[in-house]
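Close look at the chain arrangement
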Amino acid sequence: MPHVSGTPSRRGVARREQILDAAEETFAAGGYAATTLRALAKNIGMTHAGILRHYASKEDLLRALLERWRSRTEAAGRTGPSGDDLIRLHLTLLGEAAGPDHPAHSFVADALCTRRERRSAVDSAQEGLALEYVATQDGLRILSAYLPDQISPAEVTRAHLGGRRCTSGTRASADWIPKISSGRPHVPGDRRPASDDRTQEILDAASTAFAQHGYRATSLRSIATGIGLNHSTLLYYFDSKEALLAAILNRRDCDADTAYLTPVTAYDKVANVYRRAVYNETVPDRVRLYSALLCESIDPGHPAHAHFASRYARVLDALTSELHSLQTQRLIRPDLNPRAEAAWFIALWDGLQLHASYESELHIPERLLHALNELFADNVSHERRAQLLTAAA
């Protein structure tokens, strides 16, 4: 049959699919912003002009890729992305497309909304908890990407939901939480150690750029230009982009561990979770930076991957130990698995912070209190729960 003008040829359709497959893999690994059409063309043995014959721009290619993703997901009746490349693409875009100007922002927001609606329809016993569930699933995917030998999202989910089936399966009474929320704790001001003003100016500028565009898509020259420096002057303070990233991560950890309370509570133990969450609401730019780098660094080749993997291992061990200790004291229900609950809670917190860029007014501190409230044994009074979760250690 002769080709009819105006309709795509089989060869053209096959070539488009090849380009989309390559874009899915490349955007997932390196991010959309950091990928060029020229690099993508080289990866699949095409010319830049060859890709432009099928897709007029990188944004046009992204739209086509997202539309294919939507069609395939709907056709299969899935509630979320499946397949390693598609899951990685979802997580990469979840961090990268947080800004409303990103071409994938609306798509990601709509996809999250659809997943929540389908989750509500699937499990009416967890009605009202769909947002937490979907956020936690994304958090577990991220956690397992950093700790693949320790975390299986499916196994953690089974253990978590299985523990709740041993009881009523509904949210535990939490009448005390609104009383706590109405009188939020005082959050001290910034306690950064004094240092060279120019160094802090560079760190601030780089943090903003990495949060908005990603580490890989940001150059040292662009950071220097943005604050009126030349490239060589910036290199006097930080001799490479990796050194600058390391300094930003170290400053972020210092901020997180010292700025919101005294005495410092190690990592993310149960005690003081509420204070830390309230503090995070006062520093949205730092949370945005953390979330963006967390998603981008899933790639094992990323210079921040080892940092986040090490941090996750420490936090998981610390929270597991704390929950086990509370369980031994008969404060936590005996039927729960401390390791699974620790992983679930960490994933919930990170997932909620990521989703907050697409869903306003999430009230994260209160959602975290509700999640922890469900762990307590029935005989633990509301006063004791509030003391454990909101008072300084």
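What counts, and at which threshold
Residues numbered from 1 in each chain as written. Predicted model: local features only at pLDDT ≥ 70, side-chain atom pairs only at ≥ 80, totals over all residues. Heavy atoms only, no water. Phe/Tyr/Trp six-rings, centres within 6.5 Å; stacked < 30°, edge-to-face > 60°. Helix = DSSP H or I, 4+ residues; strand = E, 2+ residues; numbered from the N terminus. Buried < 20%, exposed > 50% of the residue type's maximum accessible area, 1.4 Å probe, protein only. Expected span 1.5 Å × (residues − 1). Contact = heavy atoms within 4.5 Å. Core = buried A, V, L, I, M, F, W, Y, C linked by side-chain atoms within 4.5 Å. Salt bridge = Lys/Arg side-chain N within 4 Å of Asp/Glu carboxyl O.

To describe a pair of aromatic rings, one takes the distance between the centres and the angle between the planes. All chains considered together, the criterion is met by nine aromatic pairs. Ring centres 5.9 Å apart and planes at 50 degrees place the aromatic pair Y146 and F308 in the tilted group. Taken as a pair, Y146 in helix α7 (residues 130-146) and F308 in helix α16 (residues 305-328) lie far apart in primary sequence, 162 residues in all. Like F308, Y146 is buried. For the ring pair Y146 and Y312, a centre distance of 5.6 Å and an interplane angle of 50 degrees mean the geometry is tilted. Pair noted here: Y146 is in helix α7 and Y312 is in helix α16, with a separation of 166 residues, a long-range link. Taking relative accessible area as the criterion, Y146 reaches 4% and is therefore assigned buried. The exposure class assigned to Y312 is buried, which follows from its relative accessible area of 1%. By the ring-pair criterion, three or more aromatic residues cluster together here, those being Y146, Y290, F308 and Y312.

As a further point, take the environment of P153. Tracing the backbone shows P153 in helix α8 (residues 153-165). Linking P153 and I142, residues 11 residues apart in sequence, is a C-alpha distance of 9.4 Å.

Our next topic: helix α10 (residues 197-213). Counted at 1.5 Å a residue, the expected span for α10 with its 17 residues is 24 Å, and the 24 Å between its end C-alpha atoms agrees. For α10, the set of buried residues is T199, Q200, I202, L203, A206, S207, A209, F210 and A211. Positive backbone phi, at 95 degrees, marks G214, one or two positions downstream of α10.

The subject of this paragraph is helix α1 (residues 10-30). Helical periodicity: at 3.6 residues per turn, an α-helix aligns residues three or four positions apart in one direction. Between its terminal C-alpha atoms α1 stretches 30 Å, which fits the 30 Å expected from 21 residues at 1.5 Å a residue. Residues of α1 that are buried include every one of G12, I19, L20, A22, A23, E24, T26, F27 and A28, and no others. Those residues of α1 that are buried lie in contact with α2 (37-43), α3 (48-52), α4 (58-76) and α5 (84-96). G31, located one to two residues past α1, shows a positive phi value of around 90 degrees.

Judged by nonpolar contacts, the single largest core of 110 residues is most densely connected at L61, I142, F210, L244, Y312, F345 and L368. Broken down by element, the residue count for this core peaks at 10 residues, all from helix α17 (residues 338-355). Among all residues touching F210, those that are not within four sequence positions of it are Y215, T218, I223, K241, L244, L245, I248, L289, A292 and L293.

Another aspect to go through is the pattern of salt bridges. Evaluation of the coordinates by the stated rule reveals 17 salt bridges. Across the pair R63 and E59 runs a salt bridge whose closest N-O atoms are separated by 3.1 Å. Taken as a pair, R63 and E59 lie in helix α4 at a separation of four residues, close to a single helical turn. Across the pair R252 and D253 runs a salt bridge, and its minimum N-O distance is 3.4 Å. For R252, a relative accessible area of 18% puts it in the buried group. Connected via shared salt-bridge partners are E17, D21, E24, R68 and R72.

Honestly, that's just the spatial picture; any functional story needs more than this.
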